[in-house]
Amino acid sequence: MQIEYIKSLFLKHKETSLFNRYITNKDIEPLLDNISKCVVVETIGKSVLNDSIYGLKIGNGKKRVLMWSQMHGNESTTTKALFDLLNTLLDNDEKLKYILDACTLHIIPILNPDGAKAYTRINANQVDLNRDAQDLSQPESKVLKSVFNTFKPHFCYNLHGQRTIFSAGSTNKLATVSFLAPAQDEACMITPNRKIAMELIGVMNEALQDVIPNQIGVYDDAFNLNCVGDTFQSENVPTILFEAGHYPNDYERENTRELIYMSYVTSLDYISKTNIKGDGYESYLKIPENDKCFLDIIIRNAKMHGEVVDIGIQYREKLVENKVEFIPKVVKTEKLDKLFGHREIDAN
């Protein structure tokens, strides 16, 4: 599928009622009401604070894809892109009906509604749901595992957002989008199951390289069975971690939202048309691993106590009256020759 065509789809179907970083159930519930005649919308569970966890089903195909977003409540970019995707698939004038004929999608747009409302990574019990895959100590974790067991997906999309610090390799190139085919054993073997996930990531990487060349990374695949992706991969379901990262001057992540949308459409197109066996996994191995080479601001050549140093500043995200504010904080005062700033200022 041509990337220019996907761009045109995004511009036409972008859900304009969702914007900025703060996305909660209150924002998506009117949208769920609007699509309930075309999409199966269910309350599949409750959060710690008794807020609804919604599940959406769309499509009639044999290939089952499970997608969940905002497991970490403050990572909303992938949620916005999910509703852009839904708008596209529900448009009968578009030529994507074959995706719904080939696939059935089960989408959990906000797995952690309490964390989303508080704009925190953790849930209301102060638990990181992405480290609760084995204990299943939290109601949200149990909801996801129940859907996994009953829906029996052939593919899992674990949708997240990442900080502005990440680079694609040890370079001055941003990791605007990152992926991972999680390990499924301690040895991090490239198993047949992982090869399928790797092949899909390779397809998305190839498409995105036309838009953000050298700005795609992969995460270290160190195995942790407490992580949901590693657990689902270990149960032989090809699982892909999506990470929505930073694009220049895009702290609201609207440009990144489009890139995530492109990844959704590209991968679902490939799943729909291809009997994926993992033969094309090797391109994944060429994607650079993420490093941490960026700060939000670096002030170069500042003088402190008679020494010339660089001042590294990182934004802290804080929810203020239902809006995310970016509060600058000095995190380093030293020579930062190996780091890069999204904005750089020469003190001279």
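Placed above this text is the structure.
Thresholds, definitions, all that
- Residues numbered from 1 in each chain as written.
- Predicted model: local features only at pLDDT ≥ 70, side-chain atom pairs only at ≥ 80, totals over all residues.
- Heavy atoms only, no water.
- Pairing = 2+ DSSP bridges.
- Helix = DSSP H or I, 4+ residues; strand = E, 2+ residues; numbered from the N terminus.
- Axes fitted to C-alpha atoms, helices over the stretch in contact; angles between N-to-C directions.
- Salt bridge = Lys/Arg side-chain N within 4 Å of Asp/Glu carboxyl O.
- Buried < 20%, exposed > 50% of the residue type's maximum accessible area, 1.4 Å probe, protein only.

Caption draft 1: Spotlight on the sheet that holds strand S13 (residues 323–334). With mixed pairing, 4 strands are arranged side by side in an open sheet as S13-S12-S11-S14. Of all the strands in the sheet, the pair left with one neighbour each is S13 and strand S14 (340–346). Each neighbouring strand pair of the sheet contributes to a mean axis angle of 30°, computed without reference to strand direction.

Caption draft 2: Here's a closer look at the pattern of salt bridges. Following the criterion strictly, the structure yields 17 salt bridges and no others. A salt bridge links Arg257 to Glu254; the shortest N-O distance between them is 3.0 Å. In this pair, Arg257 and Glu254 are both assigned in helix H9 (residues 254–273), 3 residues apart and thus about one turn of the helix distant. Judged on exposure class, the residue Arg257 and its partner Glu254 are both buried. For Lys273, the salt bridge is made with Asp269, and the minimal N-O distance between the two is 2.9 Å. Highlighted residues: Lys273 and Asp269, both in helix H9, separated by 4 residues, approximately one helical turn. Through salt bridges with shared partners, a single ionic network connects Lys14, Lys80, Asp84, Glu254 and Arg257.

Caption draft 3: Unusual backbone geometry, seen in detail. Located in the positive-phi region is Gln126, a residue other than glycine, with phi close to 65°. Within the fold, Gln126 resides in the loop between helix H5 (113–118) and helix H6 (139–151). The phi dihedral of Lys152 falls on the positive side, at around 50°, and the residue is not glycine. Within the secondary structure, Lys152 sits in the loop between H6 and strand S5 (155–161).

Any functional reading would require information that these geometric values do not contain.
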